[in-house]
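Here is what each chain is made of, one letter per residue.
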Amino acid sequence: MAQQEKQIQWFPGHMAKTRRLIRESLPLIDAVVELRDARIIRSSRNPEIEALTRSKPRLILLNKSDMADPQVTARWKALFSGKGLAALEADCRSGRGLRQLEPMLRELCADRLEKNAARGMTGRPLRLMVVGIPNVGKSSLINRLAGQRRAKVEDRPGVTRGRQWIKLDGGMELLDMPGVLWPKFEDQKVGRYLAYTGAIRDEILDQEDLACGLLEILAARYPAPLSARYRFEPAELEGKSGYDLLCLLAERRAMRLPGGGVDTLRAAITLLDEFRGGKIGRISLETPERDQR
């Protein structure tokens, strides 16, 4: 397999429409819930969201935190706190951490709620906008909070198609928005991190190349869980390229082609699936400090 950096492209599609929907909806809402993937907190941020929603209180929900390195997540939360930003660790599929969502939002919107009470509008629901890039967990969040499957959930990007209001218990209403990404990746590392976690469709990528890059990161930063999962010896990780490790993984899992060679494509698919499912361990690809790759 040729070893070369793949240029990941994103086609904006309905980006302009989504921006317009957000702008038009801001007068209707009290606060913004921005979902990010706790494993790639920097790369799962859409820079446009902060600019578009600057006039509203914002809570950053760090989804899939059960799969992220807890020590790294704690450093991210400290960074946000230092900037005066509210951040909540959660897992939208299991519901872990979501009990704190309503009290945190009511604290963020305390001024608005006081004004409503002074006007005799105590029964007015707290209206929230849910935003985030594709496959970051918006539909899972809505379904968990609504107590039933109100939004379609699939483990692939771009399932949410349009704007919809969803009433919740506790006097809140959620405004779901389509997933958004910036039109192109100026930093290819951001594109690759999104691809590692499944935020970009696998069909447009070279999965073997992607797996090689992920293996190099895991060998450098998380050698113990990587070795435990695939029965690598510590010495086998030293000085090895991602492709060497992919071949070794295929050997350990007895993945062979009809002619006897190792099946690196099958190994790549396995690695990506197991990383995205949290089976290798609790791993964060990005830290608040300057990234090492």
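First, a word on what this report is: a plain description of the structure on this page. Residue positions are counted from 1 within each chain, in the order its sequence is given. Totals for whole chains, interfaces and linings use all residues, but because this is a predicted model, local features are given only for residues with pLDDT of at least 70 and pairs of side-chain atoms are given and counted only at 80 or more. In computing side-chain values, all of the structure's heavy atoms are included and hydrogens and water are not.

Comment: elements are numbered from the N terminus, with helices defined as DSSP H or I runs of at least four residues and strands as E runs of at least two. Along the chain, the position of E34 falls in strand β1 (residues 31-37). We define a polar contact as two N or O atoms separated by no more than 3.5 Å, with the added condition that, inside protein, one atom must be a possible hydrogen donor and the other a possible acceptor, whereas residues neighbouring each other in sequence contribute only through side-chain atom pairs. Within the local environment of E34, its side chain forms a polar contact with the side chain of R58, the two groups lying 2.6 Å apart.

So, about the nonpolar core. Nonpolar cores are built from buried Ala, Val, Leu, Ile, Met, Phe, Trp, Tyr and Cys residues. Side-chain atoms within 4.5 Å join them into one set. Burial classes follow relative accessibility: with a 1.4 Å probe on protein chains only, a residue under 20% of its type's maximum area counts as buried, one over 50% as exposed, and anything between as partly exposed. Counting residues in each nonpolar core, the largest one holds 72 residues, and the members touching the most others are L61, L105, L141 and L285. Of all the elements, helix α8 (residues 207-221) adds the most residues to this core, at eight residues. Apart from residues lying up to four places away in sequence, L105 is in contact with A31, V33, L59, L126, L128 and M172. Membership of the second largest hydrophobic core comes to 11 residues, among which are L21, M129, V131 and M177. A contact between two residues is defined here by any heavy atoms of the two lying within 4.5 Å.

Paired rings are identified among Phe, Tyr and Trp, the last through its six-membered ring, by centres lying within 6.5 Å, and are further divided according to the angle between planes into stacked (under 30 degrees), edge-to-face (over 60) and tilted (the rest). Scanning the entire structure with this criterion turns up three aromatic pairs. Aromatic side chains Y193 and Y196 sit 6.0 Å apart centroid to centroid with 45 degrees between the ring planes, which places their arrangement in the tilted category. With Y193 and Y196 both in helix α7 (residues 188-196) and three residues apart, the pair spans about one turn of that helix. Take Y193: its relative accessible area is 1%, and that puts it in the buried class. Its relative accessible area of 2% is what places Y196 among the buried residues.

Let us now look at the pattern of salt bridges. A side chain of one charge can pair with a side chain of the opposite charge when the charged atoms of the two come close. When a carboxyl oxygen of Asp or Glu is within 4 Å of a side-chain nitrogen of Lys or Arg, the pair counts as a salt bridge. All chains considered together, the criterion is met by 17 salt bridges. E50 is the salt-bridge partner of R58, the closest N and O atoms lying 3.8 Å from each other. By relative accessible area, which is 11% here, R58 ends up buried. Looking at E50, the relative accessible area reads 29%, which means it is partly exposed. Between R229 and E274 there is a salt bridge; the shortest N-O distance is 3.0 Å. With R229 in helix α9 (residues 223-230) and E274 in helix α12 (residues 264-276), the pair connects residues that are 45 residues apart, well separated along the chain. For E274, a relative accessible area of 9% gives the class buried. One network of salt bridges, with partners in common, ties together E34, R36, R45, E50 and R58.

This part is about the packing of α8 against helix α11 (residues 242-252). Between α8 and α11, whose axes approach to 8 Å, the crossing angle comes to 95 degrees. Of the possible angle classes, the one that applies to α8 and α11 is roughly perpendicular. Contacts between α8 and α11 pair E208, A211, C212, L215, E216 and A219 from the former with G242, Y243, L245, L246 and L249 from the latter. Class assignment of the residues belonging to the contact of α8 with α11 gives a composition of eight nonpolar, one polar and two charged. Lines fitted to C-alpha atoms define the axes, with helix axes restricted to the stretch in contact, and inter-axis angles between N-to-C directions lie between 0 and 180 degrees. By definition in this entry, angles of less than 35 degrees are roughly parallel, angles greater than 145 are roughly antiparallel, angles of 65 to 115 are roughly perpendicular, and the rest are oblique. Side-chain classes follow a simple rule in which Ala, Val, Leu, Ile, Met, Phe, Trp, Tyr, Cys and Pro form the nonpolar group, Asp, Glu, Lys and Arg form the charged group, and the remainder, Gly included, forms the polar group.

On to the sheet that holds β1. At least two bridges found by DSSP between two strands are what make those strands a pair. The strand order across the open sheet built from six strands is β3-β2-β1-β4-β6-β5, with neighbouring strands paired in mixed fashion. Here the strands that pair on one side only, and so sit at the sheet edges, are β3 (86-89) and β5 (164-168). Averaged over all neighbouring strand pairs, the angle between strand axes comes to 25 degrees, with direction disregarded. Alignment of β1 against strand β2 (residues 58-63), held across six bridges, turns out to be parallel. In the strand pairing of β2, L35 is matched with L61.

Function cannot be read off these values alone, since they describe shape.
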